[in-house]
Amino acid sequence: MGAQELHPDPARDGGGPSAAPEGIVVGVDGSDHGQCALVWAAREARRRRRPLHIVTAYSVPIFAASGLDGGYATVDDSVIREGAEAIVKQAMDKVAGYGIDVSASVENGDASGVLLEMSETAELLVFGTRGRGGFVGRLLGSVSSALPAHAKCPTVTVPLICSDRLGETTEDRRVLAEQAKSGHQLVENVVVVGVDGSEQARVAVLDAADQAERLGAKLRVVCAVPQYSGSLAWVPAPMDRKALFAEIQVTLDAGMAWLRSHYPGLDAESELKDGSPVDVLVGESRHVELVVLGTRGRGGFTGMLLGSTSDGVLHHAKGPVMVVPDHADPRLADRPGFGPILGDADAA
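As the structure is a prediction and not an experimental result, all values here were calculated from the model. (Residues numbered from 1 in each chain as written. Predicted model: local features only at pLDDT ≥ 70, side-chain atom pairs only at ≥ 80, totals over all residues. Heavy atoms only, no water.)

**Some remarks on the packing of helix α2 (residues 32-48) against helix α7 (residues 199-215)**
Selection rule: Comment: axis = line fitted to C-alpha atoms, over the contacting stretch for helices; angle = value between 0 and 180 degrees taken between N-to-C directions. The helix and strand labels rest on DSSP assignments: H or I over at least four residues marks a helix, E over at least two residues marks a strand, and numbering proceeds from the N terminus. Throughout, the term roughly parallel applies to angles under 35 degrees, roughly antiparallel to angles over 145, roughly perpendicular to angles from 65 to 115, and oblique to all others. Whether two residues touch is decided by their heavy atoms; if any such pair falls within 4.5 Å, the residues are in contact. Throughout, the ten residues Ala, Val, Leu, Ile, Met, Phe, Trp, Tyr, Cys and Pro are labelled nonpolar, Asp, Glu, Lys and Arg are labelled charged, and all others, Gly among them, are labelled polar.
Packing of α2 against α7 brings their axes to within 10 Å, and their N-to-C directions diverge by 85 degrees. In terms of orientation, α2 and α7 fall into the roughly perpendicular class. Contacts from Trp 40, Glu 44, Arg 47 and Arg 48 in α2 reach Gln 211, Arg 214 and Leu 215 in α7. Here the contact of α2 with α7 is built from residues that sort into two nonpolar, one polar and four charged.

Right under this line is the structure:
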């Protein structure tokens, strides 16, 4: 353990394509955001006893030529690449003491495309919420919005606001002001997962349970029910809303019984909350280790907890957020045996 390797650029050296990375992949660009993602990823690689692959990507800019000889001109990429290599080497030095196998690569291409391709073989993708832009092609930022919805493996977005809990510093004035305003936040050893009764949510719950076991943490299953709006405004209240909560609680209890059957030793609890799913989960992210969501959900009464809500949580979270893509899991097959599933009547 503890081996380090910087992969060469196959296109530059005339070789074939580089080996697809496995384990934990983290995108860096030299920004404070990237440093936070790097530290979180290194800790996760150590927890999972998996290799860490550090990657940065750059594109060679093309300029429209001016003057009589119209056309396009490109710049020599050697200086750009040297800067990218320096960022990667600095990142490798930063995690050298974690006792994990570390590899790294500098890729020429669009950052989103590079990381999306790596998600085909990676166990987990990790990145920050924003980046510095410039020659690394905004590796972080637009990528953090695009990847969770399209990646083939789970992704974790690490916001700069939680730099203090990771032992990192920043000169970002906005973040410093927000940290000063909120004060020191005691982080509970808890993993929170948002559910809405959909199968995508149950997939996220299973991944969240795995993560809670790795952390030795409690799992908190949260279902948030927003106020009626739009076409549902005519529904009589509070009687129908009370009945809705009772129905959801029954399905939530059944889901917890199913979960405990697969994780009998896991400390798990559930909470049914009245409020916007985005607001509830962003609030949870302030003081827990991790918030977990699926990529899409059912909508309807539960307010599309997954999908558009995951975007809202990602943009405003105060701690790391994991987004789990929909995938087949044989453990889903026995869920109906533990009680009603939200929406069964509609499905029938």
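**A word on the pairing of strand β7 (residues 124-128)**
Note the threshold: Any residue under 20% of the maximum accessible area for its type is buried, any over 50% is exposed, and the rest in between are partly exposed; the area is computed with a 1.4 Å probe on protein chains only. Pairs of strands are assigned from DSSP output, requiring at least two bridges between the strands.
Of all five residues that make up β7, five are buried, and the element is covered over most of its length. Of the two faces of β7, the one lined by Leu 124, Val 126 and Gly 128 and the one lined by Leu 125 and Phe 127 are each fully buried. Sheet topology note: the strand β2 (residues 24-27)/β7 ladder contains three bridges and is parallel. The partner of Val 25 across the bridge, within β7, is Leu 125.

**Re the confidence of the model for the protein**
Applicable threshold: How sure the predictor is of each residue is captured by pLDDT, a score from 0 to 100.
Looking at the protein, the pLDDT average stands at 82 and 78% of residues meet or exceed 70. Mean pLDDT across the secondary structure elements of the protein bottoms out at helix α11 (residues 344-347), with 41, and peaks at strand β9 (residues 188-194), with 97. For residues 230-235, every residue scores under 50 in pLDDT, and the model assigns this stretch three contacts once sequence neighbours within four places are set aside.

**Topic: the packing of aromatic side chains**
Inclusion rule: Pairs were defined over the aromatic rings of Phe, Tyr and Trp, the Trp ring being its six-membered one, requiring ring centres within 6.5 Å. Orientation was assigned from the angle between planes: stacked under 30 degrees, edge-to-face over 60, tilted for the rest. The rule is short: NZ of Lys or CZ of Arg within 6 Å of the ring centre and within 35 degrees of the ring normal puts a charge over the ring.
Considering all chains together, one arrives at zero aromatic pairs under this definition. Note that Arg 47 overlies the ring of Trp 40, its terminal NZ or CZ placed 5.7 Å from the centroid.

**Some points on the side chain of Glu 44**
For clarity, the cut-off: Any pair of nitrogen or oxygen atoms within 3.5 Å is treated as a polar contact; in protein, a donor-acceptor pairing is required on top of that, and neighbouring residues in sequence qualify only through side-chain atoms on both sides.
Here Glu 44 shows up in helix α2. Here the side chain of Glu 44 touches Arg 47 through a polar contact of 2.6 Å, side chain to side chain. At a separation of 3.0 Å, a polar atom in the side chain of Glu 44 contacts the side chain of Gln 211. Look past the residues within four positions of Glu 44 in its chain and what remains in contact with it is Ile 24, Leu 124, Gln 211 and Arg 214.

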